[in-house]
Structures are given as structure tokens and as C-alpha cells.
Amino acid sequence: MTVVEERAKVSDIGSEAARRAMIDSQLRVSGINDPAILAAFLAVPREDFVPEARRPVAYADRAVALGDGAVLSPALTYGQLLTAAQPTGDDTVLVIGAPGGYLAALAEKLVAKVTHVAATGDWAKAGEHSLVLVDGAIEEMPDAMADVVSAEGRLVTGVVERGVTRLALGRKVAGALALTVLTEADFAPLAAFAARPKWSF
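Residues numbered from 1 in each chain as written. Predicted model: local features only at pLDDT ≥ 70, side-chain atom pairs only at ≥ 80, totals over all residues. Heavy atoms only, no water.

1. Some remarks on the overall build of the protein
Within the protein, the regular secondary structure consists of 4 helices and 8 strands. Along the protein, helices and strands appear, N-terminal first, in the series α-α-β-β-α-β-α-β-β-β-β-β. Dimensions along the principal axes, computed over C-alpha positions, put the protein at roughly 70 × 40 × 30 Å. Pairs at least 24 apart in sequence give 48% of the contacts found in the protein among residues at least 6 apart. With the model as given, the accessible surface of the protein reaches about 10500 Å², and the carbon-plus-sulfur share is 53%. (Helix = DSSP H or I, 4+ residues; strand = E, 2+ residues; numbered from the N terminus. Contact = heavy atoms within 4.5 Å. Areas by Shrake-Rupley, 256 points an atom, 1.4 Å probe, with all protein chains shown as cover.)

What follows is the structure, encoded as C-alpha cells:
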């Protein structure tokens, strides 16, 4: 084994230990206990989704700035989101959010198919999916969101209510989305879904 290969092996061991510590100290203690979800967190190296300079804090119990206003949410936020989503092997999933792909990578371990589109991209043209995950908080829900959720499908997203970000579960019933707010959660608001200015005279 070369020196480079040896260093890579040590790095991989350290990364897996960090993921196990994250699972034990951030997820399990907060009620995230689904074995499949925890296995996804163990399998996906979180540090691969942050800039090189931010890798030392990839597993900290807080959001990580990615640059250009994008944010990687805390692991607990993703754990809450996936727990609420209850993904199955039959699900086709649309992930809407900032570039980076950590949530999409987690979802790929849990479902049949994942499509990842930036919040500023053409997500409205993605077609219907049984599960839509939004990687961030929506202040104003666009009407087109219902069009990407299949009949009886579900949406899990962050929402902004009076300046506080919360986790919400939406279900599509009779062509419309009905949202239920579940709990406070540490999502970064998505500029693409900010509320439009309201004019008064």
C-alpha cells in the first residue's frame, strides 16, 4: 500500500467515525431512529458536500455555509425531514434546493429514483413525483408546487412563519396541497421562494 493509499484509508476511517458520532450524538438523541434513514446518513460522507475549507466543520451540529448564499442544513434537520417523509423503495422523489446534493444523496439510499433540481431551476417542469423534498424553507408556496406532486403524493419542506422556520408535511388531495406544520426546524430560507412584496395604498 502506497503512502497516498494509506492516508486515504485513514481519512475514510476518520470520516466514518465522524458520521457515527453524528448519528449517535445528533440524530438518535433527538428521536431519529429509523434504521434505513440512519444507514443512509452513515453511507453518505457529509464532508463531500461542503467546500474544502469547510470540511473540518462538516459534522458540527449546525448549518454550514456553502457560499453564494447556499447553506447545508444541520444533520438533524435532514433527519427530521426524512422521518416526516417516510420514504419507501417505491417512491420517485424530486429534491428541490440549492446545488450541492446532500439531501438528494441521502434520498438515493432510500427510494427508487431521485431527481435533483435547484430552487432557481426548472423544477416546475419536472413532472409528478410521489414525494417532493424541499432543501430549505419556503416563505410563499408557488401554485406550481402542486403540479410536481402526484395524486395522493406528499411534500416535505421547510416553511417560514412569522420569521421562524418550521418543518411541514403536505399532502395532495383533490389537486391541491394541504400543509400541516410539524415542528420548528433549522432550515435556511430559499430566496427563490421568498414572499413577493405586497403593495398597499
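2. Some remarks on the environment of P142
Mapped onto the fold, P142 is located in the loop between strand 5 (129-138) and strand 6 (149-161). Sequence spacing of P142 and A192 is 50 residues, and the spatial spacing of their C-alpha atoms is 10.0 Å. Dropping the residues within four chain positions of it, P142 is found in contact with W123 and F193.

3. Section: the pairing of strand 7 (residues 164-173)
By the criterion of burial, strand 7 is predominantly enclosed, with 7 of the 10 residues buried. Looking at chain direction, strand 6 and strand 7 are connected through 8 bridges and run antiparallel. Bridged to R154 within strand 7 is R171. Between strand 6 and strand 7, which pair antiparallel and follow one another directly, the connecting turn spans 2 residues, one of which, R162, has a positive phi of 50 degrees. As paired strands, strand 7 and strand 8 (residues 176-184) are joined by 8 bridges and run antiparallel to one another. (Buried < 20%, exposed > 50% of the residue type's maximum accessible area, 1.4 Å probe, protein only. Pairing = 2+ DSSP bridges.)

4. Overview of the packing of aromatic side chains
Scanning all chains against the criterion turns up 4 aromatic pairs. In this structure an aromatic cluster arises from ring pairing among F41, F49, Y78 and Y102. (Phe/Tyr/Trp six-rings, centres within 6.5 Å; stacked < 30°, edge-to-face > 60°.)

5. Some points on the sheet that holds strand 5
The strand order across the open sheet formed by 6 strands is 4-3-5-6-7-8, and the pairing between neighbours is mixed. Every interior strand has two partners, whereas the edge strands, strand 4 (113-118) and strand 8, have only one. Put simply, the sheet's adjacent strands are angled 20 degrees from each other on average, direction ignored. Its contacts with the sheet place helix 3 (residues 75-85) against strand 5, strand 6, strand 7 and strand 8, and it is angled at close to 150 degrees to strand 5. (Axes fitted to C-alpha atoms, helices over the stretch in contact; angles between N-to-C directions.)

6. Brief notes about helix 3
Counted residue by residue, helix 3 has 9 buried out of 11 residues, so it is predominantly covered. Positive phi shows up at Q86, right after helix 3, with a value of about 50 degrees.

7. With respect to the pattern of salt bridges
All told, the structure shown has 8 salt bridges when counted by the stated rule. Among the ionic pairs, E161 bridges to R166, the shortest N-O distance being 3.0 Å. Look at E161 and you get partly exposed, because its relative accessible area is 27%. A residue is classified by how much of its surface remains accessible, and R166, at 18% relative accessible area, is buried. Close ionic contact of E184 with R166 constitutes a salt bridge, the shortest N to O distance being 3.7 Å. Of this pair, E184 sits in strand 8 while R166 sits in strand 7, placing them 18 residues apart in sequence. Here the salt bridges do not stand alone but share partners, grouping D48, E52 and R55 into one network. (Salt bridge = Lys/Arg side-chain N within 4 Å of Asp/Glu carboxyl O.)

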